[in-house]
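# Working through the structure, step by step
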Amino acid sequence: MCFEDEAGFTRRPPKGRTWGRRGITPVVKVSGRGSGRVSVAGLLAMRPGSRTRLCHRLRRHSGRKGERRSLSERDYIDLIDGIHQLVRAPIVLVWDRLNTHVSYAMRDLISARGWLTVFVLPAYAPELNAVEYLWAHVKHGLANLASVALDRLATLVRNRLKRLQYRPDVPACSLSTRIFQACRWP
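Parameters at a glance
Think of each chain on its own: its residues are numbered from 1, step by step along the sequence as written. The predicted origin of the model limits local features to residues at a pLDDT of at least 70 and limits the giving and counting of side-chain atom pairs to 80 or more, whereas totals for whole chains, interfaces and linings rest on all residues. Where side-chain values are given, they derive from all heavy atoms of the structure, hydrogens and water being excluded. Our working definition of a disulfide is a cysteine sulfur pair at a distance within 2.5 Å. Any two strands between which DSSP finds at least two bridges are classified as paired. Note on conventions: DSSP H or I runs of at least 4 residues are helices, E runs of at least 2 residues are strands, and numbering of each starts at the N terminus. As a rule, the C-alpha atoms of each element are fitted with a line to give its axis, helices using only the stretch in contact, and angles between N-to-C directions run from 0 to 180 degrees. Contact between two residues is taken to exist if any of their heavy atoms lie within 4.5 Å; hydrogens are not considered. Nonpolar cores were defined as sets of buried Ala, Val, Leu, Ile, Met, Phe, Trp, Tyr and Cys residues, with membership established by side-chain atoms within 4.5 Å. Three exposure classes are used, based on accessible area relative to the maximum for each residue type with a 1.4 Å probe and protein chains only: buried under 20%, partly exposed in between, and exposed over 50%. Roughly parallel here means an angle under 35 degrees, roughly antiparallel means over 145, roughly perpendicular means 65 to 115, and every remaining angle is called oblique. Whether a crossing is left-handed or right-handed is set by the direction in which the near helix is turned from the far one by less than a right angle, anticlockwise for left-handed and clockwise for right-handed. Side-chain classes are defined by residue name, with Ala, Val, Leu, Ile, Met, Phe, Trp, Tyr, Cys and Pro counting as nonpolar, Asp, Glu, Lys and Arg as charged, and the others, Gly among them, as polar. Note on ring pairs: Phe, Tyr and Trp rings are taken, using the six-membered ring of Trp, and paired if centres are within 6.5 Å. Classes follow the plane angle, with under 30 degrees stacked, over 60 edge-to-face and the rest tilted. Under this definition, polar contacts are N or O atom pairs within 3.5 Å; protein pairs additionally need one hydrogen-donor-capable and one acceptor-capable atom, and for neighbouring residues in sequence, both atoms have to be side-chain atoms.

Two cysteines, two sulfur atoms, one covalent bond between them: this is a disulfide. Going through the model one piece at a time under the given rule, you end up with 0 disulfides. For Cys-2, which is in no disulfide, the shortest distance to another cysteine sulfur is to Cys-55 and amounts to 9.1 Å.

For the rest of this paragraph, the subject is the sheet that holds strand β5 (residues 116–120). Strands sit in the order β3-β2-β1-β4-β5 across an open sheet of 5 strands; the sheet is mixed. Edge positions in the sheet fall to β3 (53–61) and β5, since each has one partner strand and no second. For this sheet, the mean angle separating the axes of adjacent strands, direction not counted, is 25 degrees. Of the pairings in the sheet, the one linking strand β4 (residues 91–95) to β5 comprises 5 bridges and is parallel in character. For Val-92, the partnering residue across the bridge sits in β5 and is Thr-117. With respect to the sheet, helix α1 (residues 73–87) is in contact with β1 (2–10), β2 (37–45), β3, β4 and β5, its orientation differing from that of β3 by roughly 155 degrees.

By size, the foremost hydrophobic cluster in this structure holds 24 residues, and its most contacted members are Phe-9, Val-38, Val-40, Trp-135, Val-157 and Leu-161. For this core, the secondary-structure elements that each account for two or more residues are β1, β2, α3 (130–141) and α4 (150–164). In terms of residue count, the dominant contributor to this core is α4 (7 residues). Excluding its chain neighbours within four sequence positions, the residues that come into contact with Trp-135 are Asp-5, Glu-6, Ala-7, Phe-9, Val-40, Ala-41, Gly-42 and Leu-161.

As a further point, take the environment of Trp-135. Relative to the elements of secondary structure, Trp-135 occurs in helix α3. Considering only alpha carbons, one finds Trp-135 and Leu-161, 26 residues apart in sequence, at a separation of 9.4 Å.

Running from N to C, α1 and helix α2 (residues 104–111) point in directions that differ by 25 degrees, and their axes come no closer than 10 Å. One finds that α1 runs roughly parallel with respect to α2. In the crossing of α1 with α2, the sense of the turn from one axis to the other is right-handed. On the side of α1, the interface is formed by Glu-73, Arg-74, Tyr-76 and Ile-77, while α2 contributes Ala-105, Met-106 and Leu-109. Taken together, the residues of the contact of α1 with α2 break down into 5 nonpolar, no polar and 2 charged.

This part covers unusual backbone geometry. Its identity as a non-glycine residue notwithstanding, Arg-88 has a phi of 50 degrees, on the positive side. When you line up the elements, Arg-88 lands in the loop between α1 and β4.

The next point concerns the packing of aromatic side chains. Under the defined criterion, the tally for this structure stands at 2 aromatic pairs. Taking the centre distance of 6.4 Å and the plane angle of 75 degrees together, the rings of Phe-9 and Trp-135 count as edge-to-face. Linking Phe-9 in strand β1 with Trp-135 in helix α3, this pair joins segments that are 126 residues apart in sequence. Of the residues examined, Phe-9 reaches a relative accessible area of 4% and is grouped as buried. The buried category is assigned to Trp-135, whose relative accessible area is 4%. Ring centres of Tyr-76 and Trp-95 lie 6.4 Å apart, and the angle between their planes is 80 degrees; on these two criteria the pair is classed as edge-to-face. One end of the pair, Tyr-76, is in helix α1; the other, Trp-95, is in strand β4, and 19 residues separate them in sequence. Like Tyr-76, the residue Trp-95 is buried in the burial classification.

The next subject is the side chain of His-61. Tracing the chain through its elements places His-61 in strand β3. Here His-61 falls in the buried class, since its relative accessible area comes to 3%. A polar side-chain atom of His-61 sits 2.8 Å from the main-chain carbonyl oxygen of Arg-68. The contacts of His-61, once residues within four sequence positions are left out, are Gly-36, Arg-37, Ser-39, Glu-67, Arg-68, Arg-69, Ser-70 and Leu-150.

Given below as structure tokens:
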């Protein structure tokens, strides 16, 4: 069973709380207007008797005119094929109603894979997707961090996700394990 979701990161960091001396407000200066973004698709895979696995694909967008600002159907299928190679078992995939996920091209790509079963989450139900909690954890770690270059931001996101692959105590991994154990398996 796999959960999939996507997130975007820009050079303008998410706001976080910090402390400062009384009367002096801390300021993080960032010049992140129109400087591109990093799009990430993450997939949590669970299997009975084994640990939760995290697989992700990252794509940088420089902000050039005419460049695609999100991941394509091919990127998502490469992610799913990669996790299939990793777990070597049929996959039950749960994801949201992103237009790329429900497009005709994606339907054709999914139907060509007999080992893949896809379920779509109901609209406005992010609490049912364990990867949403993963993105919250990553963005909390990047709060108030001003990145100087898009490549550096991509490296930071990749390193944070790499660290999470080996931490089962992260809320997203423990939540996905509880969801998985609640399902009845034959």
